[in-house]
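The primary structure of each chain is shown beneath.
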Amino acid sequence: MNAMDLERAKVHDADACLVLANKYCPDPDAEDAANIMRVISMKNYCEESRIIIQLMQYHNKAYLLNIPSWDWKQGDDVICLAELKLGFIAQSCLAPGFSTMMANLFAMRSFITSPDMAAWQNDYLQGTGCEMYTETLSPSFSGMTFSQASELCFVKLKLLLLAIEVKPIDGGDTKISINPQSSKMPANTVGFFIAQSAEEVKRAWFYCKACHEDVKDENLIKKCKCKHLMTFRKGVRAIQLVGKTMANKTGATPATPFSAALSKPLLNIKNSVMAKEENGSKPVMNGRPTNKPADQQKNGKMEVGIADDQAKDFDFAKTEMKYDSTGMFHWTPARSIEDCILDRNQAAMTVLNGHVVVCLFADPDSPLIGLRNLVMPLRASNFHYHELKHVVIVGAVDYLRREWKTLQNLPKISVLNGSPLSRADLRAVNVNLCDMCVILSAKVPSNDDPTLADKEAILASLNIKAMTFGDIITNIESMGDSKDALNNMGDTTVKRPGPIYGTNVPMITELVNDSNVQFLDQDDDDDPDTELYLTQPFACGTAFAVSVLDSLMSTTYFNQNALTLIRSLITGGATPELEIILAEGAGLRGGYSTPDTLSHRDRCRVGQISLSDGPLATFGEGRKYQDLFVASLRNYGMLCIGLYRLRDAALTTVDATSKRYVITNPPFDFGLLPTDQVYVLLPFERKQSRFSFSETEV
C-alpha cells in the first residue's frame with residue numbers, strides 16, 4: 001500500500017506480482033477487499049505490472065473489472081479459490097477422483113517410484129509427475145482433425161494432446177477448444193499437452209512426417225534438417241504462406257505469428273520473456289472479461305431455435321427458455337426456497353437415486369461459500385436435461401436462504417432442513433443410492449486449534465462410513481421401473497442396488513487443514529507428516545483441500561493458458577460474457593434458444609466409463625491402454641486421459657476394499673483390467689447416446 005515499499009521491492013521491474021490470500025481468515029470478504037486494495041495500489045504505482053491475485057469469494061471478482069488498468073490480455077489474472085475448489089468437487093460428482101487428477105496436473109513435482117512401495121502407489125506416483133504444457137504443433141499437423149493429431153501424438157510421440165488454441169473466423173481473441181470434433185487445424189496451431197517434461201513436448205514441434213514417419217523410438221524424434229521444416233522456421237512469412245494455403249483449403253483464418261510466443265512450456269521462463277521481447281508486443285491472451293460491453297446482436301431478427309428433442313415449428317411466444325442467455329447452462333424461472341424445501345417424510349417418499357447429496361455445515365451468519373460454483377458445472381448445457389443429477393442439500397435453511405439468490409434459477413435442486421450428522425436425515429435422502437456425497441463446511445475455522453477446523457466434516461464422513469443400509473433398503477426393482485423426474489445420467493432403465501455398508505458410499509470431503517486427512521481413513525497407515533498428495537484419501541479422490549490451489553499461482557505465472565484450460569474444464573464452460581452478467585449481481589438470465597446459443601452446447605465434458613460392460617468391455621480383458629485410447633478416439637470421439645482403478649484389483653476376497661485410486665495418463669503399454677473405469681472427455685451428442693458413458697458403478 002506504500003509507494004516507497006513498492007519502489008524498494010522494484011515492482012516496476014518485476015515480471016509479475018503475486019497476491020496471496022489468507023485462506024484461514026475469519027472474514028473472507030474483508031480479506032478480498034484488502035487484497036483488491038493492494039492491487040489498486042500496485043496498479044496505481046505501475047499500471048503495466050502483471051498481477052496474479054488469489055480471491056476467496058467469487059462475487060468479489062467483479063471489483064477487479066472496475067480497476068481501469070486491470071487487463072486480462074496483459075497477463076493479469078485472478079484465481080478464485082471458491083470457484084475452483086467447488087468446481088473441482090463438482091467434476092468429481094461426475095467422475096469420482098477427477099479433482100485429484102487435475103490438482104496433480106498443475107502441481108509441479110517429479111516422481112520417484114520404489115520397489116518398496118505398493119504397486120498402486122507406484123502407478124499413482126507416475127501420474128503425479130505429469131504436468132500441463134503448451135507447444136506449437138509442427139507443419140506436419142496442418143490439415144489434420146484434432147482426433148487424427150491426438151492419435152498421432154499419443155501413438156507416435158507418446159504425448160497426450162488435450163486441446164488446441166482456435167482463432168475465430170471473425171478475428172476475435174483466441175479460444176481454447178478441448179477435444180474439438182470437426183474443424184481441421186491450420187498451420188502454427190498451439191496444442192495443450194499432458195506430459196512428464198517440457199523436453200518431451202518438444203517432439204510435437206520437431207515432428208516431421210518426411211523424416212520421422214518410420215521412427216519407432218519417440219526419443220529419436222529430434223530437430224531434423226528437412227528443407228520444409230527449415231523453411232517453415234525461417235520466419236513469419238513462411239508461416240503466413242502455409243496459413244493462407246490452409247485457409248484456402250479449409251476456409252479457416254490462418255493463425256497469427258505471435259501465437260508462437262504462447263507456445264512455451266510451463267517451466268521455461270526464459271523463453272517466455274525472450275518471446276515477449278522479440279515480438280515487441282504483449283501476447284494476446286484468450287477471451288476474458290474486460291471493461292468493454294458484451295457484443296450486441298448483429299442481426300435484430302432472432303431466429304427461433306428449440307432444443308433437439310423438441311419439434312421445430314413452435315410459436316416464438318410459446319417457446320420456453322431452457323438455457324441461460326449465453327446458452328452455456330440449463331436455466332429455470334426463479335423459484336422460492338420454500339418450493340424446494342423437503343421435510344424428512346417428503347424426502348423419504350421421493351425416489352432419489354443417482355443424485356448428489358451435499359452435506360453442508362453452516363451457522364446462520366457464516367460467510368457465504370458460493371454454492372452456485374458447485375451446482376453450475378452440474379447444470380452445463382452440454383448435458384441433456386434428463387442427464388442432470390438432482391442436487392439435494394442437507395443443512396440449515398437459515399444459511400441457505402442467504403445463498404438461494406444465486407441458486408434459484410438452476411433446476412433440480414432440493415433442500416432438506418436438517419443436520420448432516422443425523423442418520424435419519426441421511427437415510428431420508430437415500431445417501432446410499434447417491435452418485436456422490438459432498439461434505440462441506442462454511443463455518444469459520446477457530447484460531448485456537450487448527451486440528452479442530454474440520455471436526456464437523458470428519459465426524460460426518462465417519463458417521464456415513466459407519467452406517468449400514470441392508471435392513472432398510474426399499475424394493476430396488478420398483479425403483480428401477482420408476483419414471484420419476486429424478487432419474488438421470490442415462491440410468492433410467494436399470495437402477496443399481498445401493499451399497500450395504502457406508503464405507504462404499506462415494507464421498508468427497510473438503511478439508512481446511514491438510515494434516516486432518518489422517519482422520520478420514522481408519523484403515524490407512526498415512527503418517528501425519530505425509531504430504532497431502534501422497535495420502536490415500538487424496539490419491540483415491542475422497543479428500544480435497546483448498547491448499548492444493550496454491551500451486552496454481554505458479555502455474556498461471558508460467559503459462560496463463562493452463563489456467564484458462566483448467567477453468568473451462570471445471571466450471572462447465574463459464575464464458576467472459578457470463579462473468580460480466582454475474583458481476584451485475586442479478587444472477588443468471590434466461591434466454592431464448594437461438595442457433596447461436598444452441599451451438600454453445602457443442603462442447604466436451606468430463607465423464608467416466610466402465611470397462612466391465614458396454615462396447616468397450618473387450619478392452620478390459622488384458623488389452624493395453626493404447627488400444628483403448630485409439631479405439632475410443634476413432635469410434636466415439638472420446639479422449640481418454642486416465643484410469644480409476646481398484647486399489648485391491650488383484651484380490652477377489654470379500655474383504656477386498658472397494659477403494660479406487662487415480663492414474664493420470666498411463667503409459668501406452670499399461671495393462672487394463674475389467675474393473676477399471678476410464679476418465680474421458682466426451683463430445684456432445686445431439687441425440688441420446690446408445691449406451692451410457694456415465695457408468696460409475698463400483
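This section reports on the structure supplied with the text.

Here we look at the overall build of the protein chain
- Across its full length, the protein chain holds 25 helices and 20 strands.
- Looking at the protein chain residue by residue over its 698 residues, the buried ones come to 57%.
- When contacts within the protein chain are restricted to residue pairs at least 6 apart in sequence, those whose partners lie at least 24 apart make up 78%.
- A total accessible area of about 29,800 Å² is found for the protein chain, and carbon and sulfur atoms account for 52% of it.

Quick look at the pattern of salt bridges
- Per the counting criterion, the structure on display carries 19 salt bridges.
- Here the salt bridges do not stand alone but share partners, grouping D363, K443, K455 and E456 into one network.

Quick notes on the packing of helix α5 (residues 98-106) against helix α22 (residues 560-570)
- It is at 12 Å that the axes of α5 and α22 come closest, and there the two elements cross at 175°. In this view, α5 runs roughly antiparallel relative to α22, as classed from their interaxial angle. Across the interface between the two elements, F98, M102 and F106 of α5 pack against I566, L569 and I570 of α22.
- Here the contact of α5 with α22 is built from residues that sort into six nonpolar, no polar and no charged.

With respect to the sheet that holds strand β1 (residues 17-19)
- Spatially, β1-β2-β3 is the arrangement adopted by the three strands of the open sheet, whose pairing is parallel. A single partner strand is all that each edge strand has here, and the edge strands are β1 and β3 (77-80). On average, each strand axis in the sheet is inclined to that of its neighbour by 10°, with strand direction left out of account.
- Strand direction decides the pairing type here: β1 and strand β2 (residues 51-55), joined by three bridges, are parallel. Opposite V19, over in β2, you have I53 as the bridge partner.

Re a nonpolar patch on the surface
- Nonpolar side chains collect at one region of the surface, where M1, M37 and I40 lie side by side and expose about 300 Å² of accessible area between them.
- The exposure class assigned to M37 is partly exposed, which follows from its relative accessible area of 41%.

Observations regarding the environment of A95
- The topology assignment puts A95 in the loop between α4 (81-94) and α5.
- Considered as a pair, A95 and V678 are 583 residues apart in the sequence and their alpha carbons are 9.1 Å apart.
- Once you skip the residues sitting within four places of it in the chain, A95 turns out to touch V606, G607, Q608 and Y679.

Cut-offs applied
Residues numbered from 1 in each chain as written. Predicted model: local features only at pLDDT ≥ 70, side-chain atom pairs only at ≥ 80, totals over all residues. Heavy atoms only, no water. Helix = DSSP H or I, 4+ residues; strand = E, 2+ residues; numbered from the N terminus. Buried < 20%, exposed > 50% of the residue type's maximum accessible area, 1.4 Å probe, protein only. Contact = heavy atoms within 4.5 Å. Areas by Shrake-Rupley, 256 points an atom, 1.4 Å probe, with all protein chains shown as cover. Salt bridge = Lys/Arg side-chain N within 4 Å of Asp/Glu carboxyl O. Axes fitted to C-alpha atoms, helices over the stretch in contact; angles between N-to-C directions. Parallel < 35°, antiparallel > 145°, perpendicular 65-115°, else oblique. Nonpolar A, V, L, I, M, F, W, Y, C, P; charged D, E, K, R; others polar. Pairing = 2+ DSSP bridges. Patch = residues over 30% accessible without salt bridge, like charges linked within 9 Å, V, L, I, M, F, W, Y side chains within 5 Å.

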